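Structural features, examined
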Amino acid sequence: MPQQRLLDPAEELLREVCFNDIAKIPILLQQRASLTPLEKTQVGLIMIALQPKVIVETGVWRGRTTRFLSEFLTYNQITGMIYGFDFPDVIDELHEIDPFFKNVINVDFVKGALPASMKEWLAKNSSLMIDFAVVDATHSYNAVYDELALISSHLSKDGYIFCHDYDLDEKSHVGVALAVEDFCRKFDFTVMPLLSRPPTPKTDASWQAALLRRKLKPTWNQRLTHWRADARERYPRLTALIRKLRNMK
Ligand SMILES: C[S@@+](CC[C@H](N)C(=O)[O-])C[C@H]1O[C@@H](n2cnc3c(N)ncnc32)[C@H](O)[C@@H]1O
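Residues numbered from 1 in each chain as written. Predicted model: local features only at pLDDT ≥ 70, side-chain atom pairs only at ≥ 80, totals over all residues.

1. Focus on the pairing of strand β2 (residues 81–86)
Counted residue by residue, β2 has five buried out of six residues, so it is predominantly covered. Across five bridges, strand β1 (residues 54–58) lies against β2 in parallel orientation. Within β2, the residue paired with Val-56 across the bridge is Tyr-83. Chirality of the crossover, the property in question, places the unit of β1, helix α3 (residues 64–75) and β2 among those that are right-handed. With five bridges connecting them, β2 and strand β3 (residues 107–111) associate as parallel partners. Along β3, the bridge assignment pairs Ile-82 with Val-107. (Buried ≥ 20, exposed ≤ 12 C-beta atoms within 10 Å, placed from the backbone. Helix = DSSP H or I, 4+ residues; strand = E, 2+ residues; numbered from the N terminus. Pairing = 2+ DSSP bridges. Right-handed = clockwise from strand over helix to strand, strands pointing away.)

Structure below.
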C-alpha cells in the first residue's frame, strides 16, 4: 500500500497578497533625463528588500528621482537618508523650482563637481556605508568608472548600485556600458542588465540600466557539500558501491 504523505498544515494555507502590501509607490513625476517610471519602480522594489539606511544619487538634475526616493522611503516607513550629488547651481535652482526640497528631512545635497565632491564627502564620513546608489551624472567612461570605484569602496556587504543608461544601442551611452563591464571585472561585481521601455516611448529617451552587486563567494565547505550531494545523485550505483566497501571494512 502506498504510504500517505503527511501534509504540513502551513502548506495548505492559501494567502492573498496584494502588491500594495509589499510596496507603496508614490506618484511618479517624470521629466526628460530622469529614470523612467519602470526604472523608478525597479529601484523601489530593491529598496523594499534592502531597507537602505544610506542612499546616494550622483546627478540629481530636477530631483525627480531624488523626490521619488524620498517619498518612497516615507511611504514605506524606511528610515534612510538620501545624499544627492550635483553642481552648486543645479542644487540651488532645484530649491527654487521644487518647494518639496525646502522641508524634506531625509534628503541632503552635496554640492560640487564629481568625483572630487564624493571623495571629500567620503573622507568626512569614513564610517558611513552606502546601501544603495543611483549613478546618473556624467555619461562618460571615466566619470562612471571613477564613481563606481569610489562607491564600491564604501558599499555595504549586500549593497546594490543602480547604473542608469547601461546601453549599447545609444551611441552616447556606450562609455557607460563599457565602464560598468570593466568595473565589474576588476572589482568582482555581477551585472544584471535591466530593460524598462516605457509604454509611451516618446516621453523618455533612455530605458536601459544595470543593477550591480558583489559576486556571491561560496566557501570551500559549501562547494564540497554540494559536490558530494551532486555525486550521490548523478552516480547512485557508484555511491552504493563505495558505501558497501566502507561497510565491509
Ligand atoms: C541625467 S541628469 C540626472 C537625472 C536624475 N538622476 C533623475 O533621474 O532625475 C545628470 C545630472 O548630473 C549632473 N552632473 C553631470 N556631471 C557632473 C559632475 N561632474 N559633478 C556633479 N554633477 C554632475 C548634471 O548637472 C545633471 O544635473
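The structure having been displayed, the exposition proceeds.
2. With respect to the site of the ligand
Neighbouring the ligand are 19 residues, the closest being Ser-34, Gly-59, Trp-61, Thr-65 and Leu-114. Elements represented by at least two residues in the shell around the ligand include exactly α3 and β2. Considered class by class, the residues forming the shell around the ligand number ten nonpolar, four polar and five charged. (Near = placed C-beta within 6 Å. Nonpolar A, V, L, I, M, F, W, Y, C, P; charged D, E, K, R; others polar.)

3. Some thoughts on the environment of Thr-58
With respect to the helices, strands and loops of the structure, Thr-58 is situated in strand β1. Given 27 C-beta atoms within 10 Å, Thr-58 falls into the buried group. In this view, Thr-58 contacts Phe-85, Leu-114, Val-135, Asp-136, Ala-137 and Glu-147; residues no more than four positions away in its chain are not counted. (Contact = placed C-beta atoms within 7 Å.)

4. Overview of the packing of helix α7 (residues 141–153) against helix α8 (residues 174–187)
Between two packed helices, both the angle of their axes relative to each other and the distance between the axes serve to describe the pair. Where α7 contacts α8, the two axes come as close as 8 Å, and the packing angle between them is 35°. The two elements α7 and α8 meet at a crossing, and its hand is right-handed. Residue-level contacts link Tyr-141, Val-144, Tyr-145, Leu-148, Ala-149 and Ser-152 of α7 to Gly-175, Val-176, Leu-178, Ala-179, Val-180, Asp-182, Phe-183 and Phe-187 of α8. When its residues are assigned to classes, the contact of α7 with α8 shows eleven nonpolar, two polar and one charged. (Axes fitted to C-alpha atoms, helices over the stretch in contact; angles between N-to-C directions. Left-handed = near helix turned anticlockwise from the far one by under 90°.)

5. So, the sheet that holds strand β5 (residues 155–164)
Reading across the sheet, the seven strands line up as β3-β2-β1-β4-β5-β7-β6 and stay open at both edges, with mixed pairing between neighbours. Where the open sheet ends on each side, the last strands, each with one partner, are β3 and β6 (189–195). Shown here is a sheet whose adjacent strand axes are inclined to one another by a mean of 20°, direction ignored.

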